[in-house]
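Given next are the chains, with one letter for each unit.
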Amino acid sequence: MKILNGAALAKKIKSVLAIEIEYLVKKHERAPKLCIVLVGDDPASASYVKSKKKSCNEIGILCDLNIMPFSTSQDQLLALIETLNNDPEVDAILVQLPLPKHIDQSVILQAIDYKKDVDGLHPMNVGLLNISNDAIIPCTPKGILSLLKAEDVSITGKHCVVIGRSNLVGKPMAQLMLRENASVTVCHSKTRDLAYLTRQGEILIIAIGHPNLVNADMLKEGAVVVDVGINSVDGKLVGDIYNSIDVTNIEKKAAAITPVPGGVGPMTIASLLENVVEIYKKRVIK
Ligand code: NAP
(Lines give C-alpha, C1' and ligand atoms only; values in the text may rest on other atoms or scores of the structure.)
Protein backbone atom coordinates (compact mmCIF):
# COMPACT_ATOMS: atom_id res chain seq x y z
CA MET A 1 0.00 0.00 0.00
CA LYS A 2 1.33 3.38 -1.03
CA ILE A 3 1.41 6.25 1.44
CA LEU A 4 0.32 9.53 -0.14
CA ASN A 5 2.78 11.86 1.53
CA GLY A 6 1.04 15.21 1.93
CA ALA A 7 3.75 16.57 4.19
CA ALA A 8 6.44 16.14 1.52
CA LEU A 9 4.31 17.70 -1.23
CA ALA A 10 3.29 20.59 1.04
CA LYS A 11 6.97 21.30 1.73
CA LYS A 12 7.67 21.42 -2.01
CA ILE A 13 4.70 23.73 -2.67
CA LYS A 14 5.88 26.06 0.10
CA SER A 15 9.40 26.33 -1.28
CA VAL A 16 8.11 27.09 -4.80
CA LEU A 17 5.73 29.72 -3.35
CA ALA A 18 8.55 31.31 -1.33
CA ILE A 19 10.56 31.88 -4.51
CA GLU A 20 7.53 33.27 -6.33
CA ILE A 21 6.70 35.61 -3.43
CA GLU A 22 10.28 36.94 -3.33
CA TYR A 23 9.95 37.83 -7.01
CA LEU A 24 6.47 39.34 -6.60
CA VAL A 25 7.50 41.47 -3.61
CA LYS A 26 10.39 42.96 -5.59
CA LYS A 27 8.09 43.69 -8.52
CA HIS A 28 5.06 45.04 -6.67
CA GLU A 29 6.82 46.49 -3.61
CA ARG A 30 4.61 44.84 -1.04
CA ALA A 31 4.15 41.36 0.37
CA PRO A 32 0.87 39.42 0.25
CA LYS A 33 -1.08 39.91 3.46
CA LEU A 34 -3.51 37.57 5.21
CA CYS A 35 -5.63 38.66 8.19
CA ILE A 36 -6.84 35.90 10.48
CA VAL A 37 -9.66 36.58 12.92
CA LEU A 38 -9.98 34.33 15.96
CA VAL A 39 -12.90 34.81 18.34
CA GLY A 40 -12.57 33.17 21.75
CA ASP A 41 -9.90 30.91 23.20
CA ASP A 42 -10.73 27.43 21.91
CA PRO A 43 -7.36 25.62 22.18
CA ALA A 44 -7.75 23.65 18.90
CA SER A 45 -8.62 26.82 16.95
CA ALA A 46 -5.73 28.69 18.58
CA SER A 47 -3.33 25.93 17.57
CA TYR A 48 -4.60 25.85 13.93
CA VAL A 49 -4.27 29.63 13.71
CA LYS A 50 -0.76 29.51 15.12
CA SER A 51 0.40 27.01 12.53
CA LYS A 52 -1.25 28.97 9.69
CA LYS A 53 0.56 32.15 10.82
CA LYS A 54 3.88 30.30 11.14
CA SER A 55 3.54 28.86 7.62
CA CYS A 56 2.74 32.31 6.20
CA ASN A 57 5.76 33.86 7.86
CA GLU A 58 8.06 31.07 6.63
CA ILE A 59 7.40 31.93 2.99
CA GLY A 60 7.10 35.72 3.11
CA ILE A 61 3.35 36.22 3.53
CA LEU A 62 2.46 38.87 6.13
CA CYS A 63 -0.05 37.47 8.57
CA ASP A 64 -1.97 39.66 11.03
CA LEU A 65 -3.75 37.88 13.81
CA ASN A 66 -6.84 39.59 15.28
CA ILE A 67 -7.75 37.82 18.51
CA MET A 68 -11.13 38.89 19.89
CA PRO A 69 -12.65 37.84 23.21
CA PHE A 70 -15.39 35.17 23.37
CA SER A 71 -17.84 37.92 24.39
CA THR A 72 -17.41 39.75 21.05
CA SER A 73 -20.80 40.59 19.57
CA GLN A 74 -21.82 39.83 16.01
CA ASP A 75 -21.90 43.56 15.24
CA GLN A 76 -18.37 44.05 16.58
CA LEU A 77 -17.12 41.21 14.41
CA LEU A 78 -18.98 42.60 11.37
CA ALA A 79 -17.33 45.98 11.99
CA LEU A 80 -13.88 44.39 11.98
CA ILE A 81 -14.65 42.53 8.77
CA GLU A 82 -15.79 45.72 7.10
CA THR A 83 -12.53 47.40 8.09
CA LEU A 84 -10.53 44.49 6.65
CA ASN A 85 -12.65 44.43 3.48
CA ASN A 86 -11.87 48.11 2.92
CA ASP A 87 -8.17 47.93 3.79
CA PRO A 88 -6.24 48.02 0.50
CA GLU A 89 -3.21 46.39 2.18
CA VAL A 90 -5.23 43.30 3.18
CA ASP A 91 -5.40 40.71 0.41
CA ALA A 92 -7.08 37.82 2.20
CA ILE A 93 -9.34 37.34 5.22
CA LEU A 94 -9.81 34.15 7.23
CA VAL A 95 -12.32 33.88 10.07
CA GLN A 96 -11.37 30.82 12.09
CA LEU A 97 -14.33 28.48 12.61
CA PRO A 98 -16.23 27.52 14.64
CA LEU A 99 -17.46 30.84 15.98
CA PRO A 100 -19.13 31.17 19.40
CA LYS A 101 -22.81 30.14 19.23
CA HIS A 102 -24.11 33.70 19.76
CA ILE A 103 -22.60 34.70 16.40
CA ASP A 104 -24.32 33.60 13.18
CA GLN A 105 -21.55 31.98 11.14
CA SER A 106 -23.33 32.39 7.81
CA VAL A 107 -23.84 36.14 8.38
CA ILE A 108 -20.13 36.51 9.04
CA LEU A 109 -19.01 34.43 6.06
CA GLN A 110 -21.32 36.43 3.78
CA ALA A 111 -19.91 39.72 5.10
CA ILE A 112 -16.38 38.93 3.90
CA ASP A 113 -15.56 40.44 0.51
CA TYR A 114 -15.75 37.29 -1.64
CA LYS A 115 -12.62 38.35 -3.50
CA LYS A 116 -10.69 38.23 -0.18
CA ASP A 117 -12.43 35.07 1.06
CA VAL A 118 -9.36 32.82 1.32
CA ASP A 119 -11.36 29.83 2.64
CA GLY A 120 -13.77 29.93 -0.30
CA LEU A 121 -16.84 29.73 1.95
CA HIS A 122 -18.68 32.86 0.75
CA PRO A 123 -21.83 31.89 -1.22
CA MET A 124 -20.35 33.61 -4.28
CA ASN A 125 -17.32 31.31 -4.22
CA VAL A 126 -19.52 28.28 -3.53
CA GLY A 127 -21.56 29.20 -6.61
CA LEU A 128 -18.50 29.92 -8.74
CA LEU A 129 -17.06 26.51 -7.85
CA ASN A 130 -20.22 24.93 -9.24
CA ILE A 131 -20.29 26.80 -12.52
CA SER A 132 -16.79 28.04 -13.38
CA ASN A 133 -13.06 27.84 -12.83
CA ASP A 134 -12.90 31.25 -11.11
CA ALA A 135 -13.77 30.29 -7.54
CA ILE A 136 -11.51 30.52 -4.53
CA ILE A 137 -11.55 26.84 -3.60
CA PRO A 138 -11.80 25.69 0.05
CA CYS A 139 -8.33 24.72 1.23
CA THR A 140 -8.87 21.09 2.31
CA PRO A 141 -10.56 19.85 -0.90
CA LYS A 142 -8.10 21.87 -2.97
CA GLY A 143 -5.18 20.27 -1.11
CA ILE A 144 -6.61 16.78 -1.54
CA LEU A 145 -7.00 17.27 -5.28
CA SER A 146 -3.43 18.60 -5.58
CA LEU A 147 -2.13 15.55 -3.71
CA LEU A 148 -4.09 13.08 -5.88
CA LYS A 149 -2.81 14.79 -9.02
CA ALA A 150 0.79 14.92 -7.79
CA GLU A 151 0.58 11.18 -7.04
CA ASP A 152 -0.78 10.51 -10.56
CA VAL A 153 -4.07 9.13 -9.30
CA SER A 154 -6.30 9.09 -12.38
CA ILE A 155 -9.69 10.59 -11.65
CA THR A 156 -11.57 10.79 -14.95
CA GLY A 157 -14.33 8.20 -15.10
CA LYS A 158 -13.56 6.85 -11.63
CA HIS A 159 -16.27 6.35 -9.03
CA CYS A 160 -15.40 8.67 -6.14
CA VAL A 161 -17.29 8.15 -2.90
CA VAL A 162 -17.15 11.05 -0.42
CA ILE A 163 -18.30 10.41 3.15
CA GLY A 164 -19.31 13.73 4.71
CA ARG A 165 -21.30 16.64 3.28
CA SER A 166 -20.02 19.65 5.22
CA ASN A 167 -19.67 23.01 3.48
CA LEU A 168 -16.00 22.99 4.46
CA VAL A 169 -14.95 19.57 3.12
CA GLY A 170 -17.52 17.11 1.79
CA LYS A 171 -19.60 19.27 -0.55
CA PRO A 172 -16.77 21.23 -2.21
CA MET A 173 -14.76 17.97 -2.47
CA ALA A 174 -17.62 16.28 -4.32
CA GLN A 175 -17.95 19.29 -6.62
CA LEU A 176 -14.22 19.31 -7.38
CA MET A 177 -14.18 15.58 -8.18
CA LEU A 178 -17.18 16.07 -10.47
CA ARG A 179 -15.28 18.84 -12.21
CA GLU A 180 -12.40 16.38 -12.65
CA ASN A 181 -14.83 14.02 -14.42
CA ALA A 182 -15.27 11.48 -11.65
CA SER A 183 -18.71 9.98 -10.99
CA VAL A 184 -19.43 11.08 -7.45
CA THR A 185 -21.49 9.62 -4.61
CA VAL A 186 -21.87 11.66 -1.40
CA CYS A 187 -22.68 9.82 1.83
CA HIS A 188 -23.70 11.22 5.22
CA SER A 189 -25.18 10.22 8.55
CA LYS A 190 -28.58 9.40 7.03
CA THR A 191 -27.15 7.24 4.23
CA ARG A 192 -28.68 3.74 4.15
CA ASP A 193 -26.17 0.88 3.81
CA LEU A 194 -23.01 2.96 3.83
CA ALA A 195 -20.86 -0.15 3.25
CA TYR A 196 -22.67 -0.98 -0.02
CA LEU A 197 -21.71 2.46 -1.36
CA THR A 198 -18.18 2.66 0.04
CA ARG A 199 -17.36 -0.74 -1.53
CA GLN A 200 -17.88 0.90 -4.92
CA GLY A 201 -15.46 3.74 -4.24
CA GLU A 202 -12.37 3.55 -6.44
CA ILE A 203 -11.44 6.78 -4.70
CA LEU A 204 -12.84 6.96 -1.17
CA ILE A 205 -12.66 10.28 0.68
CA ILE A 206 -13.55 10.03 4.35
CA ALA A 207 -14.39 13.29 6.18
CA ILE A 208 -16.51 12.29 9.14
CA GLY A 209 -14.64 13.02 12.36
CA HIS A 210 -15.21 9.56 13.90
CA PRO A 211 -12.46 6.94 13.98
CA ASN A 212 -13.21 3.29 13.16
CA LEU A 213 -16.51 3.92 11.37
CA VAL A 214 -15.06 2.63 8.11
CA ASN A 215 -13.19 -0.69 8.15
CA ALA A 216 -11.37 -2.80 5.56
CA ASP A 217 -14.52 -4.78 4.78
CA MET A 218 -16.10 -1.54 3.53
CA LEU A 219 -13.31 -0.84 1.01
CA LYS A 220 -13.12 -1.74 -2.64
CA GLU A 221 -10.02 -3.80 -3.47
CA GLY A 222 -7.35 -1.38 -4.75
CA ALA A 223 -9.13 1.78 -3.55
CA VAL A 224 -7.29 5.05 -3.12
CA VAL A 225 -8.28 6.24 0.34
CA VAL A 226 -8.11 9.84 1.55
CA ASP A 227 -8.45 10.22 5.30
CA VAL A 228 -9.49 13.76 6.20
CA GLY A 229 -10.48 13.04 9.79
CA ILE A 230 -8.71 14.56 12.77
CA ASN A 231 -9.60 12.86 16.05
CA SER A 232 -8.00 12.71 19.43
CA VAL A 233 -7.97 9.23 20.95
CA ASP A 234 -6.22 8.79 24.30
CA GLY A 235 -4.40 12.06 23.65
CA LYS A 236 -3.15 10.80 20.27
CA LEU A 237 -4.00 12.36 16.89
CA VAL A 238 -5.73 9.80 14.67
CA GLY A 239 -7.65 9.92 11.41
CA ASP A 240 -11.01 8.37 10.53
CA ILE A 241 -9.42 5.21 9.10
CA TYR A 242 -5.61 5.45 8.69
CA ASN A 243 -4.62 4.35 12.18
CA SER A 244 -7.82 2.47 12.95
CA ILE A 245 -8.07 -0.88 14.71
CA ASP A 246 -8.45 -2.58 11.29
CA VAL A 247 -5.17 -1.16 9.95
CA THR A 248 -3.60 -4.51 8.92
CA ASN A 249 -6.55 -5.45 6.71
CA ILE A 250 -6.80 -1.91 5.33
CA GLU A 251 -3.14 -2.09 4.31
CA LYS A 252 -3.83 -5.32 2.42
CA LYS A 253 -6.86 -3.96 0.59
CA ALA A 254 -6.21 -0.29 -0.26
CA ALA A 255 -3.81 0.69 -3.06
CA ALA A 256 -2.94 3.98 -1.39
CA ILE A 257 -3.86 6.03 1.65
CA THR A 258 -3.16 9.46 3.13
CA PRO A 259 -1.59 9.18 6.59
CA VAL A 260 -2.71 11.07 9.71
CA PRO A 261 -0.75 13.11 10.54
CA GLY A 262 1.20 14.02 7.40
CA GLY A 263 -1.49 13.65 4.73
CA VAL A 264 -4.38 16.05 4.25
CA GLY A 265 -3.44 18.43 7.13
CA PRO A 266 -0.25 19.86 5.61
CA MET A 267 -1.91 20.02 2.18
CA THR A 268 -4.69 22.15 3.67
CA ILE A 269 -2.12 24.68 4.88
CA ALA A 270 -0.24 24.59 1.55
CA SER A 271 -3.51 25.33 -0.27
CA LEU A 272 -4.27 28.20 2.09
CA LEU A 273 -0.90 29.74 1.18
CA GLU A 274 -1.60 29.15 -2.53
CA ASN A 275 -4.99 30.86 -2.17
CA VAL A 276 -3.41 33.91 -0.48
CA VAL A 277 -0.89 34.24 -3.30
CA GLU A 278 -3.56 33.76 -6.00
CA ILE A 279 -5.73 36.48 -4.46
CA TYR A 280 -2.74 38.82 -4.07
CA LYS A 281 -1.77 38.31 -7.72
CA LYS A 282 -5.32 39.13 -8.89
CA ARG A 283 -5.09 42.35 -6.85
CA VAL A 284 -1.62 43.58 -7.83
CA ILE A 285 -1.30 42.35 -11.42
CA LYS A 286 -3.51 44.61 -13.53
P1 NAP B 1 -18.57 18.01 10.02
O2 NAP B 1 -19.04 19.35 9.58
O3 NAP B 1 -18.85 17.54 11.40
O4 NAP B 1 -19.18 16.94 9.00
C5 NAP B 1 -19.07 15.56 9.22
C6 NAP B 1 -19.85 14.83 8.17
O7 NAP B 1 -19.78 13.43 8.49
C8 NAP B 1 -21.33 15.22 8.12
O9 NAP B 1 -21.73 15.44 6.79
C10 NAP B 1 -22.04 14.00 8.73
O11 NAP B 1 -23.30 13.72 8.17
C12 NAP B 1 -21.07 12.88 8.35
N13 NAP B 1 -21.24 11.75 9.27
C14 NAP B 1 -21.27 11.77 10.61
N15 NAP B 1 -21.51 10.53 11.09
C16 NAP B 1 -21.64 9.74 10.02
C17 NAP B 1 -21.92 8.37 9.85
N18 NAP B 1 -22.12 7.56 10.91
N19 NAP B 1 -21.98 7.86 8.60
C20 NAP B 1 -21.80 8.66 7.53
N21 NAP B 1 -21.53 9.98 7.62
C22 NAP B 1 -21.46 10.50 8.85
O23 NAP B 1 -17.02 17.85 9.82
P24 NAP B 1 -16.01 18.47 8.70
O25 NAP B 1 -15.72 19.88 8.99
O26 NAP B 1 -16.45 18.07 7.35
O27 NAP B 1 -14.71 17.62 9.08
C28 NAP B 1 -14.68 16.21 9.02
C29 NAP B 1 -13.41 15.71 9.67
O30 NAP B 1 -12.31 16.22 8.95
C31 NAP B 1 -13.20 16.18 11.12
O32 NAP B 1 -12.50 15.20 11.82
C33 NAP B 1 -12.32 17.40 10.96
O34 NAP B 1 -11.54 17.67 12.11
C35 NAP B 1 -11.46 16.97 9.81
N36 NAP B 1 -10.87 18.07 9.04
C37 NAP B 1 -9.58 17.95 8.74
C38 NAP B 1 -8.96 18.93 8.00
C39 NAP B 1 -7.50 18.78 7.68
O40 NAP B 1 -6.90 19.74 7.26
N41 NAP B 1 -6.94 17.60 7.82
C42 NAP B 1 -9.68 20.04 7.55
C43 NAP B 1 -11.03 20.11 7.84
C44 NAP B 1 -11.63 19.12 8.59
P45 NAP B 1 -24.56 14.73 8.37
O46 NAP B 1 -24.34 15.85 7.40
O47 NAP B 1 -25.73 13.89 8.01
O48 NAP B 1 -24.53 15.18 9.79
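It should be noted that the structure appears before, not after, this text.
Residues numbered from 1 in each chain as written. Predicted model: local features only at pLDDT ≥ 70, side-chain atom pairs only at ≥ 80, totals over all residues. Heavy atoms only, no water.

(A) Spatial organisation of the pattern of salt bridges. Scanning the entire structure with this criterion turns up 11 salt bridges. Between Glu-22 and Lys-26 there is a salt bridge, with its nearest N and O atoms 3.9 Å apart. Taken together, the residues span about one helical turn, with Glu-22 and Lys-26 both in helix H1 (residues 6-28) at a distance of 4 residues. On the basis of relative accessibility, which here comes to 65%, the residue Lys-26 falls in the exposed class. Note that Arg-30 is salt-bridged to Asp-91, the shortest N-O span being 2.8 Å. Of this pair, Arg-30 sits in the loop between H1 and strand E2 (33-39) while Asp-91 sits in the loop between helix H3 (74-86) and strand E4 (92-95); the two residues are 61 residues apart in sequence, bridging distant segments of the chain. In terms of burial, Arg-30 and Asp-91 fall into one category: buried. Counted as one network, the salt bridges with shared partners bring together Lys-14, Lys-54 and Glu-58. (Salt bridge = Lys/Arg side-chain N within 4 Å of Asp/Glu carboxyl O. Helix = DSSP H or I, 4+ residues; strand = E, 2+ residues; numbered from the N terminus. Buried < 20%, exposed > 50% of the residue type's maximum accessible area, 1.4 Å probe, protein only.)

(B) Seen up close, the packing of helix H6 (residues 139-150) against helix H7 (residues 170-179). The geometry of H6 relative to H7 is characterised by a closest axis approach of 9 Å and an angle of 40 degrees between their N-to-C directions. Comparing the axis directions of H6 and H7 gives the class oblique. Seen along the crossing, H6 lies across H7 with a hand that is right-handed. Contacts from Pro-141, Lys-142, Ile-144, Leu-145 and Leu-148 of H6 reach H7 at Pro-172, Met-173, Leu-176 and Met-177. Looking at the contact of H6 with H7 residue by residue, the class counts come to 8 nonpolar, no polar and 1 charged. (Axes fitted to C-alpha atoms, helices over the stretch in contact; angles between N-to-C directions. Parallel < 35°, antiparallel > 145°, perpendicular 65-115°, else oblique. Left-handed = near helix turned anticlockwise from the far one by under 90°. Contact = heavy atoms within 4.5 Å. Nonpolar A, V, L, I, M, F, W, Y, C, P; charged D, E, K, R; others polar.)

(C) Spatial organisation of H7. Restricting attention to buried positions, one finds in H7 the residues Gly-170, Pro-172, Met-173, Ala-174, Leu-176 and Met-177. The inward-facing, buried residues of H7 abut helix H5 (123-131), H6, strand E5 (159-163), strand E6 (183-187) and strand E7 (203-206). Positive phi shows up at Asn-181, right after H7, with a value of about 70 degrees.

(D) Summary view of the nonpolar core. Leu-34, Ile-61, Leu-148, Met-177, Ile-203 and Ile-205 are the most contacted members of the largest nonpolar core, which has 56 residues in total. A per-element tally of this core places helix H10 (residues 264-284) first, with 11 residues. Look past the residues within four positions of Ile-61 in its chain and what remains in contact with it is Ile-21, Pro-32, Leu-34, Cys-56, Leu-273, Val-276 and Val-277. Core analysis: the second largest hydrophobic core is formed by 18 residues, Ile-163, Leu-204, Met-218 and Ile-250 among them. (Core = buried A, V, L, I, M, F, W, Y, C linked by side-chain atoms within 4.5 Å.)

(E) A look at a nonpolar patch on the surface. Among the surface-exposed residues, Tyr-48, Ile-230 and Leu-237 lie close enough to one another that they form a single nonpolar patch of about 270 Å² accessible area. Positionally, Ile-230 belongs in the loop between strand E8 (224-227) and strand E9 (231-233). When its relative accessible area of 49% is taken as the criterion, Ile-230 is described as partly exposed. (Patch = residues over 30% accessible without salt bridge, like charges linked within 9 Å, V, L, I, M, F, W, Y side chains within 5 Å. Areas by Shrake-Rupley, 256 points an atom, 1.4 Å probe, with all protein chains shown as cover.)

(F) Region of interest: the sheet that holds E2. Spatial strand order, E3-E2-E4: 3 strands in an open sheet with parallel pairing. Bordering the open sheet on either side are strand E3 (62-68) and E4, each of which pairs with just one other strand. The average undirected angle you get between the axes of adjacent strands in this sheet is 15 degrees. With 4 bridges joining them, E2 and E4 adopt parallel strand pairing. Its bridge partner being in E4, Val-37 is matched across the sheet by Val-95. Here H3 sits on the sheet and contacts E2, E3 and E4; the angle it forms with E2, its principal contact strand, is near 180 degrees. (Pairing = 2+ DSSP bridges.)

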